[in-house]
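Coordinate analysis (summary)
Take a look at the letters that make up each chain.
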Amino acid sequence: RHSARCAAAAAAAAAAGTPSGAYRGVAGSVACRAVGSSDAPIAAQRPHRVTFGAVEGENRGELPMDPPLQRDDPWFWLRDDDRESEDVLSHLRAENAYTERETAHLSALREELYNEHISHLKETDVGPAYRHGPWFYYTRTVKGLSYKIHCRKPGAADAELRQPADDAVEQVILDENEVAQGKSQCIVDGVMLCPGHDILAYSVDFSGDETYTVVFKDLAAGTELSDRLEGVCGSVGWGGDSKTVYYRTEDDAKRPWKLWRHTLGESQDKDVCLFTETDELFNLNHGKTTGGRFLIADASSTETSELHAIDLEAGPEAQMVVVQPREFGLRYDLDHVGENFLVWTNKDEAVENKLMRVPVSSVLAGQGGQSSWTEVLPYDPTMHIEGVIAMADFVGIEGRQAGLTQIWVLDGSLDASSLLRLSFEEELYEVEIGTNREPGAKQLRIEYCSLTTPRTAMEYEPASGKMERVWRQEVPGLDPSKYECRRIFAEAADGESIPMSVVCLKGVLDAEGPRPCMLYGYGSYGICIDPGFDPHILPYLDRGMVYVLANIRGGGEMGRHWYEEQGKYLTKRNTFLDFVACAEHLIEEGITAPDRLAIEGRSAGGLLVGAVLNMRPDLFRVAVAGVPFVDVMNSMCDPSIPLTTGEWEEWGNPNEWKYFDYMLSYSPYDNVRELPYPDILITAGLFDPRVAYWEPAKWASKLRTNSTSPRAKVLLKMDLEVGHFSASDRYRYKKEKAFEQAVVLEKLGLAGAPAKA
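Residues numbered from 1 in each chain as written. Predicted model: local features only at pLDDT ≥ 70, side-chain atom pairs only at ≥ 80, totals over all residues. Heavy atoms only, no water.

Attention shifts here to the overall build of the protein. Helix and strand counts for the protein come out as 13 helices and 41 strands. For a compact globule of 757 residues, the expected C-alpha radius of gyration is about 27 Å, and the protein comes in at 26 Å, within 12% of that figure. Principal-axis analysis of the C-alpha atoms gives the protein an extent of 70 × 65 × 55 Å. In the protein, which comprises 757 residues, the share counted as buried stands at 58%. Contacts spanning at least 24 positions in sequence make up 60% of the contacts within the protein whose residues lie at least 6 apart. (Helix = DSSP H or I, 4+ residues; strand = E, 2+ residues; numbered from the N terminus. Rg over C-alpha atoms; globule rule 2.2 N^0.38 Å. Buried < 20%, exposed > 50% of the residue type's maximum accessible area, 1.4 Å probe, protein only. Contact = heavy atoms within 4.5 Å.)

This is the structure in structure tokens:
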């Protein structure tokens, strides 16, 4: 690592377009300060006060503090909603220049890691095919091309044929590489076929801001239709014919709130708005039931659901019918089979959900509310039901039990005694229901993987009990027998047992002395970090590192209660204390040591990283925080920021006395103070709509201002072309992973360690 003087910083800033003469932006955006052995960019501090509580003309929640409180935020000016301020952009370019200088000596290691990632990638490959109508659909990739190619082959009339014939002729229906030509970012979402399979609709976003344009393609002619839908949220849903399309749009805070019906051949300004969700706590989603008869509009908050059904068999003018009007705390979802809707719900305090049913006739008559629901399966608090797929002859259920994902199958008669949980050989694994587009199929497609087993498509046949593997991802150079997996437990501060999934080379845990280790966590929204396969961790494992997934509270690994009762609102600090307990356990057991322990988290996992660094900076050698949600107080008080109002039912609302002090106690940005922070790598995207770029930018400057570490660095890598999910180009994404891993390996003393064959 080399020293960088202010003169060098000024030269780099000038090369990036900053005015010469001083290392500053247009209005004094950057200052120099010695951090460790280098001069790092720190944004200038400018007086600004943020208001918490009642603000006239704004939705600040039900019980905002009045009179309101104010807090100082001298880096607030880094927020530019338009992403056009040269003052701000100059600072971000300076951050990138600094990070590039401080990591330039790792270029050879980055190239080595990138080549390892490519060595584990079958660049020309074909994904699993699935049956949909008269076709088999699949995607494939080609060496040297960055994006997927969507294809199909005709299926024989024999409905039992589960894969296309070897001599079936392929038709390319969409080449994402052609869509991406001339674009630095290309995200294609929701490639949807109309009921006649002759028109394709796809949504595309070229910036990463998650607002899409919908394009329609005539597959027979191979040409695009003149129809375009602009400003769309996500993918579209086809109606019962090949002319009607349903889609959503967002409000100014990027909250999905309107459902529209479009008719092909007409201009978008003639589209009909079917539903508007005015409650800012709620988001609007839509999807079809498995058999395709009903379009379901789902207006939901974190706590409450309200579903509306449209009978597509009744024609494009069919009216929406509410299933069960919203009732605070009641959540439900549904699928359709025969004369019934299957409903999985937390009704009657069934925290982990139970399975019920309601007649279709009752719903269509406007009498399908919870009083009409009857039990299918008795409530089992050890069985969390996450989703249900209703096939003609059986029902597939996915959920969790004993801390792992599970799949159950129920006979089409809905006899509770027929419920069967599928079993798998490995101790730790991840399994989910896959793509099942033919409700009359005799098999259930599932997807399986583990920490050492790549993604695998399997089909289970309930009638015979047979499980058959139909496809497995090929990972060149992977030898699963080299690795071992374990499940261990840490004891939290309140005595709760916190599971961890561990993977490493065989023999590593038997060796003497602490090992280099990566501890990964998330712990929010009930989202689970399961022991699935990720080829990107192989360079860590092959250099003797131990890789650990922490299943902390706030996630849903142990069931909904793990999140709902123990990891949100006024129990949120459990998330951070659990992660600290996991780190302490790994150290106490001799698996690792503070100078050999790295941590990582993304998005809300970045909040986790930021919070534990403030609590226990002494436990970690290096931290990686990807698109980190660290400015909790400022973001959650402002209803104009995307996701804010809906997440008042996740974190709480800091505009209210009930939550203000508690949220302030863990907000990473607000709790930065003079501490010996370890090395920190922060990655972010300028166009991120979920965690705005200014959060990590502000955090980096505050960390540098306060850190007392003489050598540790705070590095911010701000991608000026992407959003929340990093690069869409698969090769560029691997280069980004190589960059992050090179930093981690150097800090753990493994920069020169060769990968073990």
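So, on to the packing of aromatic side chains. Applying the stated criterion across every chain, the model contains 18 aromatic pairs. When the ring of Y540 is compared with that of Y547, the centres are 6.5 Å apart and the planes differ by 25°; the resulting orientation is stacked. Comparing Y540 with Y547, the two get one shared label, buried. Joined through ring pairs, the aromatic side chains of Y522, Y525, F629 and W651 make up one cluster. In this structure, K258 packs its charged tip against the face of W257, placed 4.4 Å from the ring centre. Just above the ring of F282 sits the side chain of R326; from NZ or CZ to the centre is 4.2 Å. (Phe/Tyr/Trp six-rings, centres within 6.5 Å; stacked < 30°, edge-to-face > 60°. Lys NZ or Arg CZ within 6 Å of the ring centre and 35° of its normal.)

As a further point, take the pairing of strand β36 (residues 517-520). Of the two faces of β36, the one lined by C517 and L519 and the one lined by M518 and Y520 are each fully buried. Here β36 pairs with strand β37 (residues 546-550) via 4 bridges, running parallel. In the strand pairing of β37, Y520 is matched with L549. Bridge count for β36 against strand β38 (residues 597-602) is 4 bridges, and the pairing is parallel. Bridge pairing links M518 to A598 in β38. (Pairing = 2+ DSSP bridges.)

To continue, consider the pattern of salt bridges. Note on pairing: side chains with opposite charge can pair once their charged atoms come close. Within this structure, the stated rule accounts for 47 salt bridges. Between R228 and E224 there is a salt bridge, with its nearest N and O atoms 2.8 Å apart. In this structure R228 comes out as partly exposed when scored by relative accessible area, which is 34%. Exposure remark for E224: the relative accessible area of 45% places this residue in the partly exposed category. Close ionic contact of E459 with R445 constitutes a salt bridge, the shortest N to O distance being 3.0 Å. Residue E459 is found in strand β32 (residues 456-461), and its partner R445 is found in strand β31 (residues 444-449); the two are separated by 14 residues along the sequence. (Salt bridge = Lys/Arg side-chain N within 4 Å of Asp/Glu carboxyl O.)

On the basis of which strands lie adjacent, the open sheet formed by 4 strands has the order β22-β23-β24-β25 and antiparallel pairing. For this open sheet the edge positions go to β22 (332-337) and β25 (374-375), each flanked by a neighbour on one side alone. One ladder, built from 6 bridges, connects strand β23 (residues 340-345) with strand β24 (residues 354-359); its direction is antiparallel. Across the sheet, the residue bridging to L342 is R357, located in β24.

Taken in spatial order, the 8 strands make up an open sheet running β34-β35-β37-β36-β38-β39-β40-β41, and their pairing is mixed. Lying at the two open borders of the sheet, with one neighbouring strand each, are β34 (483-491) and β41 (714-719). Direction aside, neighbouring strands of the sheet carry axes that sit 20° apart on average. Here strand β35 (residues 497-505) runs beside β37; their pairing, made up of 4 bridges, is antiparallel. (Axes fitted to C-alpha atoms, helices over the stretch in contact; angles between N-to-C directions.)

Contact geometry for helix α3 (residues 107-119) and helix α13 (residues 730-747): axes closest at 8 Å, N-to-C directions at 130°. In terms of axis orientation, α3 runs oblique to α13. Considering the relative orientation of α3 and α13, their crossing is right-handed. Each of L109, R110, L113, Y114, H117 and I118 in α3 lies in contact with α13, whose residues at this interface are Y731, K734, K735, K737, A738, F739, Q741, A742 and L745. The class makeup of the residues in the contact of α3 with α13 is 9 nonpolar, 2 polar and 4 charged. (Parallel < 35°, antiparallel > 145°, perpendicular 65-115°, else oblique. Left-handed = near helix turned anticlockwise from the far one by under 90°. Nonpolar A, V, L, I, M, F, W, Y, C, P; charged D, E, K, R; others polar.)

Remark: helix α8 (residues 573-588) packs on helix α9 (residues 604-615), axes separated minimally by 10 Å, with the N-to-C direction vectors making an angle of 70°. Here α8 lies roughly perpendicular to α9, going by the angle between them. The two elements α8 and α9 cross, and the hand of that crossing is right-handed. Listed contacts from α9 to R573, T575, F576, F579 and V580 of α8 are L607, L608, A611, V612 and M615.

With that settled, the discussion passes to the environment of Y137. Note that Y137 resides in strand β7 (residues 135-141). Distance in space between the C-alpha atoms of Y137 and I173 is 9.6 Å, their sequence separation being 36 residues. In this view, Y137 contacts P128, A129, Y130, H132, C151, R152, I173, L193 and H197; residues no more than four positions away in its chain are not counted. At 2.9 Å, the side chain of Y137 forms a polar contact with the side chain of R152. (Polar contact = N/O pair within 3.5 Å; in protein donor to acceptor, adjacent residues only side chain to side chain.)

Every α-helix winds through 3.6 residues per turn, so residues three or four apart in the chain are directed the same way. The end-to-end C-alpha distance of helix α12 (residues 694-706), which contains 13 residues, comes to 18 Å, matching closely the 18 Å that a straight helix rising 1.5 Å per residue would cover. Most of α12 sits out of view: 12 of its 13 residues are buried. For α12, every residue scored as buried is listed here: W694, E695, P696, A697, K698, W699, A700, S701, K702, L703, R704 and N706. (Expected span 1.5 Å × (residues − 1).)

On to the side chain of R140, then. Its location among the elements puts R140 in strand β7. Of note is the side chain of R140, whose polar atom sits 2.9 Å from the side chain of E170. Residues in contact with R140, not counting those within four places in the same chain, are D125, V126, K148, I149, C151, E170 and V172.

In this section: the nonpolar core. Grouped together as the largest cluster of nonpolar side chains are 137 residues, with contacts concentrated most on M500, L519, V546, Y547, I599 and W699. Those residues within four positions of I599 in sequence are excluded, and the remaining contacts are M518, L519, F579, V609, V612, L613, F620, V622, A623 and V624. Grouped together as the second largest cluster of nonpolar side chains are 15 residues, W135, Y147, V188 and L200 included. (Core = buried A, V, L, I, M, F, W, Y, C linked by side-chain atoms within 4.5 Å.)

Here we come to the confidence of the model for the protein. When pLDDT is averaged along the protein, the result is 93, and 94% of the positions lie at 70 or above. A low-confidence stretch, residues 1-37 (pLDDT under 50), is modelled with 85 contacts involving residues beyond four sequence positions or located in other chains. (pLDDT = per-residue confidence, 0-100.)

So, about the pairing of β24. Sheet topology note: the β24/β25 ladder contains 2 bridges and is antiparallel. Counted as the bridge partner of R357 is T374 from β25.

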